[in-house]
Structures are given as C-alpha cells and as structure tokens.
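Chain residues, written in single-letter form:
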Amino acid sequence: SRLFDDNSKKNGATNKRTKVILLYGSRTKSDIYLHSEMEQMKQRYSDRLEIVYCLSNQQKADRAMTEKEVNMDKEEFTNSMVFHHGHIDKDVISHFCKGAIDSDNIAAGECLVWVCGPPSFYESHCGPREEEDVTGVLKE
C-alpha cells in the first residue's frame, strides 16, 4: 500500500494521483493468489486501483464442474470484480488500459509498466531480460 500512501511524497506531490491498473493472470478463479487481500486494497483505493483478473482456463474448469458447455462472454462482471476469459495479450492491454499506456506518458514518466510472470510470459511481453530495449507485446 506504499504506492498509495497519502503521506509519501515523490517530486513534491503526494501519491493521491497514482492510478494502478492491475492485469492479473491466472488459470482459474480458484488459482488467484491473495485474492481477498487484493480486493480489500481495491475497496480501500477504489478511485485509484482497478483489477482485471485474466483467466486462461476458467471455461475448462467450468465445463469440468458442470459437465456441459458454458457460453461466457469475454468479460464477466461479478459484484465489483472484473474477469476476462483469456490470456494477457496486446488486445487485452489496449482494451483495459484505455490509452493510459502511450509513448508520451511513458517518456514523461507518467506511466510505469511492471511485468511479473514466468520467463516465457516476460519474454513475450518485454523481450529477453538481458536486453535493455523492450521488445515483444509492450514495444507495440
């Protein structure tokens, strides 16, 4: 929660302006790590924190549980939680970040992008770790 700390100052400004869009990738809803803690933070900082859970295998899990085909839209809204059924890719980033990520914002230091995941995910989005320049999905 230091990212949202109202008493912390960066360049003379408080972090009240900090907005975070978290695209959280997981296989199914039951695989979401620290789910309740993230939802508590989302409630506490509702004006600055948006969480989108991107579930790659939820439809398979639903079929296994119900033993029938489940037709789900790409996005499902349950209470205040947002679920996207599929992987985090260029289209998902573009859709949910709604223009927050552009070269002007990044150059001005107004937009920071953090990527966390297994090596294959990191490399497909950022390029090889040993390379200084960003390649992959985020370069586009």
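Each remark here, short or long, concerns the structure printed above.
To keep things clear, this report deals only with the structure shown in the data block. (Residues numbered from 1 in each chain as written. Predicted model: local features only at pLDDT ≥ 70, side-chain atom pairs only at ≥ 80, totals over all residues. Heavy atoms only, no water.)

1. Considering the overall build of the chain
Phase 1 of the analysis: Of the regular secondary structure elements, the chain holds five helices and six strands.
Phase 2 of the analysis: Starting at the N terminus, the α and β elements of the chain follow one another as β-β-β-α-β-α-β-β-α-α-α.
Phase 3 of the analysis: Looking at the 140 residues of the chain, the share that counts as buried comes to 28%.
Phase 4 of the analysis: Put simply, 54% of the contacts in the chain that link residues at least 6 apart link residues at least 24 apart.
Phase 5 of the analysis: In the form shown here, the chain has an accessible surface area of approximately 10100 Å², with 48% of it arising from carbon and sulfur atoms. (Helix = DSSP H or I, 4+ residues; strand = E, 2+ residues; numbered from the N terminus. Buried < 20%, exposed > 50% of the residue type's maximum accessible area, 1.4 Å probe, protein only. Contact = heavy atoms within 4.5 Å. Areas by Shrake-Rupley, 256 points an atom, 1.4 Å probe, with all protein chains shown as cover.)

2. Here we look at unusual backbone geometry
Phase 1 of the analysis: A positive phi angle, near 55°, is found at L34, a position not held by glycine.
Phase 2 of the analysis: Its location among the elements puts L34 in the loop between β3 (20-26) and α1 (35-44).

3. Describing the environment of T135
Phase 1 of the analysis: Along the chain, T135 turns up in the segment after α5 (119-126).
Phase 2 of the analysis: Separated by ten residues in sequence, T135 and H125 place their C-alpha atoms 7.2 Å apart.
Phase 3 of the analysis: Residues contacting T135, with those up to four places away along its chain left out, are H125, C126, G127 and P128.

4. Brief notes about α1
Phase 1 of the analysis: What α1 keeps buried is the set M38, E39 and K42. The arc enclosing the buried residues of α1, seen along the axis, measures out at 100°, which places them on a common side. Pointing more than 90 degrees away from the buried face of α1 are the exposed residues Q40, Q43 and R44.
Phase 2 of the analysis: Where α1 is buried, its residues touch β3, β4 (49-55) and β6 (81-85). (Arc of directions from axis to C-beta.)

5. Quick notes on the packing of aromatic side chains
Phase 1 of the analysis: Applying the stated criterion to the full structure yields two aromatic pairs.
Phase 2 of the analysis: Note on Y24 and Y53: the rings are 6.0 Å apart at their centroids and 65° apart in plane angle, and the pair reads as edge-to-face. With a gap of 29 residues between them, Y24 in strand β3 and Y53 in strand β4 connect regions that are remote in the sequence. For the pair Y24 and Y53, one class covers both residues: buried.
Phase 3 of the analysis: Taken together, the ring pairs in this structure connect Y24, Y53 and F83 into an aromatic cluster.
Phase 4 of the analysis: Positioned above the aromatic ring of F83 is the side chain of K29, whose terminal nitrogen or guanidinium carbon lies 4.7 Å from the ring centre.
Phase 5 of the analysis: The side chain of R129 reaches across the aromatic face of Y122, ending 3.9 Å from its centre. (Phe/Tyr/Trp six-rings, centres within 6.5 Å; stacked < 30°, edge-to-face > 60°. Lys NZ or Arg CZ within 6 Å of the ring centre and 35° of its normal.)

6. Observations concerning the environment of K139
Phase 1 of the analysis: For K139, the position within the fold is in the segment after α5.
Phase 2 of the analysis: Owing to a relative accessible area of 61%, K139 belongs among the exposed residues under this scheme.
Phase 3 of the analysis: Spatially, the C-alpha atoms of K139 and K90 are 9.9 Å apart, while their sequence positions differ by 49 residues.

7. A look at the pairing of β3
Phase 1 of the analysis: Looking at chain direction, β3 and β4 are connected through seven bridges and run parallel. Each bridged residue has a counterpart across the sheet, and for S26 the counterpart in β4 is L55.
Phase 2 of the analysis: Running through α1, the crossover from β3 to the neighbouring parallel element β4 is right-handed. (Pairing = 2+ DSSP bridges. Right-handed = clockwise from strand over helix to strand, strands pointing away.)

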